[in-house]
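Single-letter residue listing:
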Amino acid sequence: MVPSCKLWLETATFISYLIFSPLMYKLVCCLLLIGLSFKGTAQNPLLDSLITRIHILSKQQYSFQRDTLIIEKLSLLTERTINMVDKRADSLLDSLRRFTQKADWLKGKGLYIRALGKKQDRNGNYTEALKLYAKAAETLIKAGGDPYDLCYTYILTGFVLNNNGRPDKCLEYMKKALPLAKMTYNTNNLCWILDYYGDYNYYDNFGVRNYKKALTYYLEVEKLLSRATSANLKADNLHCIANCYTQLGNEHLAAYYRDKALKYAQETNNRVVIFAIYSDLAEIYQNKRQFSKAIEYRKQSLDYAKKSGWMEMISRAENQIYLTYEMAGDSGNALKYLKDFKTHEDSLGRVAVNQKYAELEADYNFEKQQTRIKTLENEALKQADEKKSLIGIGLIVALMAGIILIAYVFWNNRQLKQINAELVQKNEEIQGALLKGQAIERKRVANELHDNISAKIASLRWRLEAISPSFQTEKEGQIFTSTVEALSEVYTDIRLLSHNLLPAELELHGLAKALDSMVKEINSLGKTGFSLNIATKQERFTNKIEYELFSIILELSNNILRHAQAPEADIFLTQGEGKLYLTVKDNGVGIAEKASKHGMGLANIKTRVASLQGTIQFVSVPQKGTEVVIEVPIG
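Residues numbered from 1 in each chain as written. Predicted model: local features only at pLDDT ≥ 70, side-chain atom pairs only at ≥ 80, totals over all residues. Heavy atoms only, no water.

### What about the overall build of the protein?
So, point 1. Each helix and strand in the protein was counted, giving 26 helices and five strands.
So, point 2. Counting all 635 residues of the protein, 41% fall into the buried class.
So, point 3. Of the roughly 34700 Å² of accessible surface on the protein, a fraction of 55% belongs to carbon and sulfur atoms. (Helix = DSSP H or I, 4+ residues; strand = E, 2+ residues; numbered from the N terminus. Buried < 20%, exposed > 50% of the residue type's maximum accessible area, 1.4 Å probe, protein only. Areas by Shrake-Rupley, 256 points an atom, 1.4 Å probe, with all protein chains shown as cover.)

### Some remarks on the pairing of strand S1 (residues 529-535)
So, point 1. Across seven bridges, S1 lies against strand S2 (residues 568-576) in parallel orientation. Bridge pairing links Ser 531 to Asp 570 in S2.
So, point 2. With helix H24 (residues 543-564) bridging S1 and its parallel neighbour S2, the resulting β-α-β unit is left-handed. (Pairing = 2+ DSSP bridges. Right-handed = clockwise from strand over helix to strand, strands pointing away.)

### Digging into the packing of helix H11 (residues 211-224) against helix H12 (residues 231-247)
So, point 1. In the contact formed by H11 and H12, the axes pass within 9 Å of each other and the chain directions differ by 155 degrees. Between H11 and H12, the angle falls in the class roughly antiparallel. Here the hand of the crossing between H11 and H12 comes out left-handed. Contacts between H11 and H12 involve Tyr 211, Ala 214, Leu 215, Tyr 218, Leu 219, Val 221 and Glu 222 from the first element and Asn 237, Cys 240, Ile 241, Cys 244, Tyr 245 and Gln 247 from the second.
So, point 2. Residues of the contact of H11 with H12, tallied by class, amount to 10 nonpolar, two polar and one charged. (Axes fitted to C-alpha atoms, helices over the stretch in contact; angles between N-to-C directions. Parallel < 35°, antiparallel > 145°, perpendicular 65-115°, else oblique. Left-handed = near helix turned anticlockwise from the far one by under 90°. Contact = heavy atoms within 4.5 Å. Nonpolar A, V, L, I, M, F, W, Y, C, P; charged D, E, K, R; others polar.)

### Observations regarding the packing of aromatic side chains
So, point 1. Counted by the stated rule, this structure contains 12 aromatic pairs.
So, point 2. Taken together, Tyr 278, Tyr 285, Tyr 297 and Tyr 304 form an aromatic cluster joined through their ring pairs.
So, point 3. Sitting over the face of the ring of Tyr 304, Lys 307 holds its NZ or CZ atom 4.6 Å from the ring centroid.
So, point 4. Across from the ring centre of Tyr 337, 4.1 Å away, lies the NZ or CZ of Lys 336, which sits over that ring. (Phe/Tyr/Trp six-rings, centres within 6.5 Å; stacked < 30°, edge-to-face > 60°. Lys NZ or Arg CZ within 6 Å of the ring centre and 35° of its normal.)

### Describing the environment of Gln 247
So, point 1. Mapped onto the elements, Gln 247 comes out in helix H12.
So, point 2. For Gln 247, a relative accessible area of 40% translates into the label partly exposed.
So, point 3. For Gln 247 and Asn 210, which are 37 residues apart along the polypeptide, the C-alpha to C-alpha distance reads 9.9 Å.
So, point 4. Ignoring anything within four residues of it in the chain, the contact list for Gln 247 reads Tyr 202 and Tyr 211.
So, point 5. In terms of polar contacts, Gln 247 uses its side chain to reach the side chain of Tyr 202, at 3.4 Å. (Polar contact = N/O pair within 3.5 Å; in protein donor to acceptor, adjacent residues only side chain to side chain.)

### Considering the sheet that holds strand S5 (residues 625-633)
So, point 1. Spatial ordering of the open sheet is given by S1-S2-S3-S5-S4, a layout of five strands whose pairing is mixed. Whereas interior strands pair on both sides, the edge strands pair on one side only; in this sheet they are S1 and strand S4 (615-621). Between one strand and the next, the sheet's axes are offset by a mean angle of 10 degrees, whatever the strand orientation.
So, point 2. With respect to the sheet, helix H23 (residues 511-523) is in contact with S1 and S2, its orientation differing from that of S1 by roughly 170 degrees.

### Let's talk about the side chain of Asp 121
So, point 1. Here Asp 121 shows up in helix H6 (residues 106-122).
So, point 2. Despite its burial, Asp 121 pairs with no opposite charge, the nearest such side chain being Lys 118 at 6.8 Å. (Lys, Arg positive; Asp, Glu negative; His and termini not counted. Salt bridge = Lys/Arg side-chain N within 4 Å of Asp/Glu carboxyl O.)

### A word on the pattern of salt bridges
So, point 1. Taken as a whole and assessed by the stated rule, the structure comprises 25 salt bridges.
So, point 2. Across the pair Asp 94 and Arg 97 runs a salt bridge, and its minimum N-O distance is 2.6 Å. You can see Asp 94 and its partner Arg 97 sitting in helix H5 (residues 89-103), three residues apart, about one turn around the helix.
So, point 3. Overall, Arg 97 belongs to the partly exposed group, its relative accessible area being 27%.
So, point 4. Note that Lys 293 and Glu 296 form a salt bridge whose closest N and O atoms lie 3.8 Å from each other. Of this pair, Lys 293 and Glu 296 both sit in helix H15 (residues 291-308), separated by three residues, roughly a single helical turn.
So, point 5. Overlapping salt bridges bring together Glu 72, Glu 79, Lys 107, Arg 114, Lys 118, Asp 146 and Asp 149 as one network.

Fair warning: the whole summary comes from geometry, so function is off the table for now.
Set out below in structure tokens:
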């Protein structure tokens, strides 16, 4: 991934050379300020991806549409940094304010107001957050009521009401948001709504406790994640499914989903979900009355709640650890965490816990606590004397069993490593043979098309042109002329196909050279003007990655030529940390939803992406064009 600071500085320099209007000069200044604020900050894949998108947009020719896209991306970047308690959030929020003021775009103002509300929401200033969310919704409605952003604003409003003890009002906002969520291809909002319905049926404080129904909603969310872009959704959904399986008594599936959720949350630095998972583990041990283990997980849960910077989560974690200490009979630590919980609850402006706090403080007595500890110590010493001989024998048996077990595990691990190494080597040999066989077959078919079929069609066309017959009617002449033209088009298509089946550049010089040659060949047809933008650190990748990506791009390009009726198309290939990012988009008529789901071409592309263990997002808007975004791991 290109460093964020460098990306922003390159963007600012590029625009300043090409655009001289006062408005754009201000925008360049904003970009430059953002770039400086990012200097020296650790990279995050979620944020870096957005920065890369903004960088690419900034290199395009100035237009109002381009600036609105930059504002939308910057709005998303700002809200994500607020969610992640990133220190760049305030700087980005200020830059978003300047952009929206200078561009004078009403929707942009609504997005800025919502970002302000998100900041207050994250800090626990719920009253102010509600005011700002309401104002943002009003502004977005005046701007045309974009269904995605208006829906998300309603969802955020509902969550604030829920966190303040009004789930009934939250349900009203979810019901209001649901029709808007179903109008967009991106399923982020629909997932959040269904996730809340699952929470409503799952958590005790709602009073429903219908775990089967909750699981149904969570599994619906899981099906929709392929069209969602929020990284938080995946970890949260896995965690919720694990909770349901725990309550339904299927601990095997619960552990499976919980482990996946924890792994994904750690990869994406999702501290809120990590907090929740450790809280669940603490609950499991607490129900087993294994309080030492429960308290260990409670402490880890509280630690991640504090790292999240979200006052709501910190308050919940303190309340949970206080209750666990109280159940364990440790009134001293219970009182300590209850004090912290009371302080945060007061700051959140909710109903105080003074009555419970006073009861615990009155019950707590230092001398009684000391007496209790002394009694426990005496009982422990007495039990130790009675079991001393048994413990000695048990230790010897356990030591012998442990030695045998360690020896078996060591031997078994060596056997597994040897088998795995053989399997990896065999797999590499098979993959190499497959690629070699594919290359040979591609060459054979390409030669057959170019030297045989193409030559025969060209000969047939020339013979027809040489005849120059006279016709009795004008219609017969038109049929003859159109037949000759059709043969010319078939000849051109076969020539292009034979060249692209296995271009020499792909084997000799790599993907970049092959794509450059392909684009030149396509542009020579005079149908759609393709532009190629490549920014990769490596010149060559593995044969499989190069062959599959070339085939994918060729398939997408042919689809554009045949169906899109697009004046222009763009191909972007960039390299990040351990990934290649491919974007192919056009400004044509778009593709019908049925064709996008069931078309053979897209199915082939999905199969190739899956073979590379990558992901694909496909968005098509009628009369506006189609965009395909693919991510492929290269590490």
